[in-house]
Amino acid sequence: MGNFAFLESRWSDMAKLGALSEKYVYSDPNASIIKQGMLAEVMVEYMLAYEGIEEPMYDNTHANRIRLLKKNDLLPYEISNTLYILRKSRNISWWGRNI
């Protein structure tokens, strides 16, 4: 049983992404970071939906969705900073450069 098994009953998609990120953490760190980034994206989308906040109509990026949560005081600095670092790290892992 992994660290994300508790999510299985309500958010199976997040549980699967978390389990995959754990699975790859040592054998394929880049894949692990990509899965962590995907998990973060899904989590942010769930948070927006739960709070009844519409996703941006224009430029609907993960960065802008995070900004929406921050703007609505739903993310403490430490969490928003972690999401930002993870987003940047995933972009480097995925594209091989910082975008």
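A.B. asks: How do you make sense of the overall build of the protein chain when you look at a structure like this?
C.D. replies: Counting its secondary structure elements, the protein chain contains four helices and zero strands. Seen in sequence order, the protein chain has helices and strands lined up from the N terminus as α-α-α-α. Radius of gyration (C-alpha) of the protein chain: 14 Å, near the 13 Å computed for a compact globule of 99 residues. Each of the three principal axes of the protein chain carries a C-alpha extent, and together these read 35 × 35 × 25 Å. The proportion of buried residues among the 99 residues of the protein chain is 33%. Counting contacts in the protein chain only where the partners sit at least 6 residues apart, residues at least 24 apart contribute 36% of the total. Here the protein chain displays about 6800 Å² of accessible surface, and carbon together with sulfur accounts for 56% of that area. Separation between the mean location of the 12 positive side-chain charges and that of the 12 negative ones in the protein chain comes to 6 Å.

A.B. asks: How should I be thinking about the pattern of salt bridges in this particular structure?
C.D. replies: Should the charged atoms of two oppositely charged side chains come close, the side chains can pair. Taken as a whole, this structure holds three salt bridges when the rule is applied. Through salt bridges with shared partners, a single network forms among Glu41, Glu45, Arg65 and Arg90.

A.B. asks: I would appreciate a short explanation of the nonpolar core in the present structure.
C.D. replies: Side chains that are nonpolar tend, in soluble globular proteins, to be buried together. Ala40, Val44, Leu48, Ile53, Ile66, Leu68, Leu69, Leu75, Leu83 and Leu86 form the largest nonpolar core, which has ten residues in total. Not counting residues up to four positions away in its chain, the partners in contact with Leu68 are Leu48, Ile53, Glu54, Glu55 and Pro56.

The rules we used
- Residue indices begin from 1 for each chain and proceed along its sequence in written order.
- Only residues with pLDDT of at least 70 are given local features in this predicted model, and only at 80 or more are side-chain atom pairs given and counted; all residues enter the totals for whole chains, interfaces and linings.
- Excluded from the side-chain calculation are hydrogens and water; included are all heavy atoms of the structure.
- A run of DSSP states H or I qualifies as a helix once it reaches four residues; a run of E qualifies as a strand once it reaches two. Both are numbered from the N-terminal end.
- Here the globule rule is a power law, 2.2 Å times the number of residues to the power 0.38, and the radius of gyration is based on C-alpha atoms.
- Per-residue accessibility, obtained with a 1.4 Å probe over protein chains only, is compared with the maximum for each type, and a residue is labelled buried under 20%, exposed over 50%, and partly exposed between these values.
- In what follows, a contact means two residues having at least one pair of non-hydrogen atoms within 4.5 Å.
- The Shrake-Rupley method, run with a 1.4 Å probe sphere, supplies the accessible areas, and residue values consider only the shown protein chains as cover.
- Counting rule applied: Lys, Arg positive; Asp, Glu negative; His and chain ends not counted.
- By convention, charge coordinates are those of NZ in Lys, CZ in Arg, CG in Asp, or CD in Glu.
- Here, a salt bridge means any side-chain nitrogen of Lys or Arg that lies within 4 Å of a carboxyl oxygen of Asp or Glu.
- Take the buried residues of types Ala, Val, Leu, Ile, Met, Phe, Trp, Tyr and Cys, join any two whose side-chain atoms come within 4.5 Å, and each joined set is a nonpolar core.

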